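# A closer look at the structure
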Amino acid sequence: QTLELRQVGAADTGALEIAVIAELADTRASGISFYVAIPEDAFAVIGAERPFAQGPLLAPAVEFLNETMAGAIGAPEGMVLLPYAAVRGPGAERGRTGAGEVARFALRPLRSGPLAISLISTAIYEAKLVLDDGVGERLFAGLGRLEWHAGGREPGQSSPVDLSNAPAPGLLREKSAA
């Protein structure tokens, strides 16, 4: 099972829309928890109080965690965490399998230079699936990361974002976490 970040849009304001995509394979899951780490002072989180919009893979689900955590104990140094946790309700048909979007969020870059947005899993902040029995859990085998290469823009100014796979200024590209 893997979890990745994928840029799905860019607004004229410079905001980037990013989807969290899960590949569950044959695992039947009824819930998920994950943590996105972004550099402090590098991005403005759009809708910071509840940054994530629920995606279709596990919807409808009850969200237990959907916020912005600055200065969180045990977080990587210099990073702000965007945690998300949601579980589908009781019932025999609550498990999901396959691949798809579990949530999406938006960021607006505040400075230029190479910046990374990462999914993390630590002893404190574990990225995991809740299995369809509602009790068992499974850690993700792979977590993704995106890199933002902003070229000399002033904060608040927008520029086109290249959505191709070739690295270029103003591009988010997928990269596997080691």
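This is a predicted model, so every value here is computed, not measured. (Residues numbered from 1 in each chain as written. Predicted model: local features only at pLDDT ≥ 70, side-chain atom pairs only at ≥ 80, totals over all residues. Heavy atoms only, no water.)

## Quick word on the pattern of salt bridges
Across all of its chains, the model carries eight salt bridges by this definition. Between arginine 6 and glutamate 4 there is a salt bridge, with the nearest N and O atoms lying 2.5 Å from each other. Taking the relative accessible area as the measure of exposure, arginine 6 reaches 32% and is therefore partly exposed. For arginine 28, the salt bridge goes to aspartate 132, with nearest N and O atoms at 3.2 Å. Residue arginine 28 is found in strand S2 (residues 16-39), and its partner aspartate 132 is found in the loop between strand S9 (128-131) and strand S10 (137-139); the two are separated by 104 residues along the sequence. Accessibility expressed as a relative area gives 35% for arginine 28, which makes it partly exposed. Overlapping salt bridges, with partners in common, bring together Glu17, Glu101 and Arg104 in one network. (Salt bridge = Lys/Arg side-chain N within 4 Å of Asp/Glu carboxyl O. Buried < 20%, exposed > 50% of the residue type's maximum accessible area, 1.4 Å probe, protein only. Helix = DSSP H or I, 4+ residues; strand = E, 2+ residues; numbered from the N terminus.)

## A short note on the packing of aromatic side chains
Here the structure, examined in full by the defined rule, presents five aromatic pairs. Ring plane angle 55° and centroid distance 5.2 Å describe the contact between phenylalanine 52 and tyrosine 84, whose orientation is recorded as tilted. Residue phenylalanine 52 is found in the loop between strand S3 (43-45) and strand S4 (53-54), and its partner tyrosine 84 is found in strand S6 (residues 79-87); the two are separated by 32 residues along the sequence. A relative accessible area of 1% places tyrosine 84 in the buried class. Taken together, the ring pairs connect Phe34, Phe52, Tyr84 and Phe105 into an aromatic cluster. (Phe/Tyr/Trp six-rings, centres within 6.5 Å; stacked < 30°, edge-to-face > 60°.)

## A look at the nonpolar core
Residues Leu3, Phe34, Val36 and Phe105 are the most contacted members of the largest nonpolar core, which totals 36 residues. Of all the secondary-structure elements, those providing two or more residues to this core are strand S1 (2-10), S2, S3, S6, strand S7 (96-109), strand S8 (113-120) and strand S11 (142-150). Looking at this core, the element that brings in the most residues is S2, giving 10 residues. Those residues in contact with phenylalanine 105, other than ones at most four positions away along the chain, are Leu5, Leu16, Glu17, Ile18, Val20, Val36, Pro51, Phe52, Leu82 and Ile117. Judged by nonpolar contacts, the second largest core, of nine residues, contains Tyr35, Ala37, Ala72 and Ala75. (Core = buried A, V, L, I, M, F, W, Y, C linked by side-chain atoms within 4.5 Å. Contact = heavy atoms within 4.5 Å.)

## Points about the side chain of arginine 94
Examined against the element boundaries, arginine 94 turns out to sit in the loop between S6 and S7. The buried charged residue arginine 94 lacks any salt bridge partner; its closest oppositely charged side chain belongs to aspartate 133, at an N-O distance of 5.7 Å. Of the polar contacts made by the side chain of arginine 94, one reaches the backbone oxygen of aspartate 133; its length is 3.5 Å. Excluding its chain neighbours within four sequence positions, the residues that come into contact with arginine 94 are Ala29, Ser30, Arg88, Gly89, Asp132, Asp133 and Gly134. (Lys, Arg positive; Asp, Glu negative; His and termini not counted. Polar contact = N/O pair within 3.5 Å; in protein donor to acceptor, adjacent residues only side chain to side chain.)

## A short note on the side chain of serine 30
Tracing the backbone shows serine 30 in strand S2. What serine 30 contacts, discounting residues up to four positions off in sequence, is Ala86, Val87, Arg88, Arg94, Val130, Leu131, Asp132 and Gly134.

## Observations regarding the confidence of the model for the protein
Averaged over every residue, the pLDDT of the protein is 82; residues scoring 70 or more account for 84%. A low-confidence stretch, residues 152-178 (pLDDT under 50), is modelled with 56 contacts involving residues beyond four sequence positions or located in other chains. (pLDDT = per-residue confidence, 0-100.)

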